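Chain by chain, the residues run as shown.
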Amino acid sequence: MTALLVALGAAVGAPLRYLVDTAIKARTPSAFPWGTWVVNLAGSFVLGGVVALTPLFGPGFAALLGTGFCGAFTTYSTFGWETLSLLERGRTALAVGYAAASAVVGVAAALAGHALLTAAAG
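No experiment lies behind these values; they were computed from the predicted model shown.

Caption draft 1: Examining the packing of helix 1 (residues 2–27) against helix 2 (residues 34–57) more closely. In contact at an axis separation of 8 Å, helix 1 and helix 2 are set at 135° when each is read in the N-to-C sense. Of the possible angle classes, the one that applies to helix 1 and helix 2 is oblique. Note that helix 1 runs across helix 2; the crossing there is right-handed. Across from Arg17, Val20, Asp21 and Ile24 in helix 1, the residues of helix 2 making contact are Trp34, Gly35, Thr36, Val38 and Val39.

Caption draft 2: Representation of the packing of aromatic side chains in the model. Enumeration according to the criterion identifies eight aromatic pairs in this entry. Aromatic side chains phenylalanine 32 and tryptophan 37 sit 5.9 Å apart centroid to centroid with 75° between the ring planes, which places their arrangement in the edge-to-face category. For the pair phenylalanine 32 and tryptophan 37, a shared accessibility class is recorded, and that class is buried. Ring plane angle 50° and centroid distance 5.4 Å describe the contact between tyrosine 76 and phenylalanine 79, whose orientation is recorded as tilted. Taken as a pair, tyrosine 76 and phenylalanine 79 lie in helix 4 (residues 76–88) at a separation of three residues, close to a single helical turn. Under the relative-accessibility criterion, phenylalanine 79 is labelled buried at 13%. Counting every residue linked through ring pairs, the aromatic cluster contains Phe32, Trp34, Trp37, Tyr76, Phe79 and Tyr98.

Caption draft 3: Main features of the nonpolar core. Of all hydrophobic cores here, the largest spans seven residues; its members are Phe32, Trp37, Leu41, Phe79, Leu86, Ala95 and Tyr98. Listed by contribution, the elements that provide at least two residues to this core are helix 2, helix 4 and helix 5 (92–121). Apart from residues lying up to four places away in sequence, leucine 86 is in contact with Ala31, Pro33, Arg91, Thr92, Leu94, Ala95 and Tyr98.

Caption draft 4: View of the packing of helix 4 against helix 5. One way to put it is that helix 4 packs onto helix 5 with a least axis distance of 7 Å and a crossing angle of 160°. Considering their axes alone, helix 4 and helix 5 lie roughly antiparallel with respect to each other. As helix 4 packs across helix 5, the resulting crossing turns out to be left-handed. Side by side, helix 4 and helix 5 meet where Phe79, Glu82, Thr83, Leu86 and Leu87 of the first sit next to Thr92, Leu94, Ala95, Tyr98, Ala99 and Ser102 of the second. Residue composition of the contact of helix 4 with helix 5, by class: seven nonpolar, three polar and one charged.

Caption draft 5: Spotlight on helix 4. Helix length check: helix 4 (13 residues) gives 18 Å between terminal C-alpha atoms against 18 Å at 1.5 Å per residue, within 8%. For helix 4, the set of buried residues is Phe79, Glu82, Thr83, Ser85 and Leu86. Buried residues of helix 4 fall within an arc of 160° about the axis and therefore sit on the same side. Residues of helix 4 that are exposed and point over 90 degrees away from its buried face: Tyr76, Ser77, Trp81 and Glu88. Turning to helix 4, the residues buried within the fold contact helix 1, helix 2 and helix 5. Positive backbone phi, approximately 80°, marks glycine 90, located one or two places after helix 4.

Caption draft 6: Examining a nonpolar patch on the surface more closely. Residues Met1, Leu4 and Leu8 make up a contiguous nonpolar surface patch of about 360 Å² in total accessible area. Summarising the element assignment, leucine 8 is placed in helix 1.

Scoring rules and cut-offs
- What you see as residue numbers is a count from 1 along each chain, following the sequence as written.
- Side-chain atom pairs in this predicted model are given and counted only at pLDDT of 80 or more, local residue features only at pLDDT of at least 70, and totals for whole chains, interfaces and linings cover all residues.
- Each side-chain value is derived from all of the structure's non-hydrogen atoms; neither hydrogens nor water enter the calculation.
- To obtain each axis, a line is fitted to C-alpha atoms, and for helices this fit is confined to the stretch in contact; angles are then taken between N-to-C directions over 0 to 180 degrees.
- The numbering of helices and of strands both runs from the N terminus, where a helix is a DSSP run of H or I of at least 4 residues and a strand a run of E of at least 2.
- Note that the term roughly parallel is reserved for angles under 35 degrees, roughly antiparallel for angles over 145, roughly perpendicular for angles of 65 to 115, and oblique for everything else.
- Helix crossings fall into two classes, left-handed where the near helix is turned counterclockwise from the far one by less than a right angle and right-handed where it is turned clockwise.
- Two residues qualify as a contact provided that any one of their heavy atoms is within 4.5 Å of a heavy atom in the partner residue.
- Ring geometry is summarised as follows: Phe, Tyr and Trp rings, the Trp one being its six-membered ring, pair when their centres sit within 6.5 Å, and such pairs are stacked at plane angles under 30 degrees, edge-to-face over 60 and tilted between the two.
- Exposure classes here rest on a 1.4 Å probe applied to the protein chains alone. A residue is buried below 20% of its type maximum, exposed above 50%, and partly exposed in between.
- By nonpolar core we mean a set of buried residues, namely Ala, Val, Leu, Ile, Met, Phe, Trp, Tyr and Cys, connected to one another through side-chain atoms within 4.5 Å.
- Residues are grouped as follows: Ala, Val, Leu, Ile, Met, Phe, Trp, Tyr, Cys and Pro are nonpolar; Asp, Glu, Lys and Arg are charged; every other residue, Gly included, is polar.
- A helix is expected to span 1.5 Å for every residue after the first.
- Our arc is simply the arc of the directions from the helix axis toward the C-beta atoms.
- A patch consists of residues whose relative accessible area exceeds 30% and which take part in no salt bridge; residues with like charges are grouped when within 9 Å of each other, and nonpolar side chains (Val, Leu, Ile, Met, Phe, Trp, Tyr) when within 5 Å.
- Per-residue accessibility takes into account occlusion by the displayed protein chains alone, with areas from the Shrake-Rupley method and a 1.4 Å probe.
- For this document, the term salt bridge refers to a Lys or Arg side-chain nitrogen within 4 Å of an Asp or Glu carboxyl oxygen.

Next comes the structure, spelled out in structure tokens:
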């Protein structure tokens, strides 16, 4: 049953990631990988909320939304590839800034999602 929940979450997360990433790239022609950055930050926020709510809703909730949806929606591999691509194109400062901003703001987004949903669940 858990594997089915993960698959269902992933079936929503992966196409949504593609659609969000594609829409952002079309609107922000830039060397900075805005699409991946936005989906990873949004996914971090959602995952923080999932962690906050899992004690209320149980492990199936975490499997569906945490592992399934967030796992498919966010992407560490694309983040790594885009960072490497920036380095290969001589955009060292942008690559370092992207990597640092992704880590710092990603953790901050997870903390914010956790705090917001912890307060809401009260």
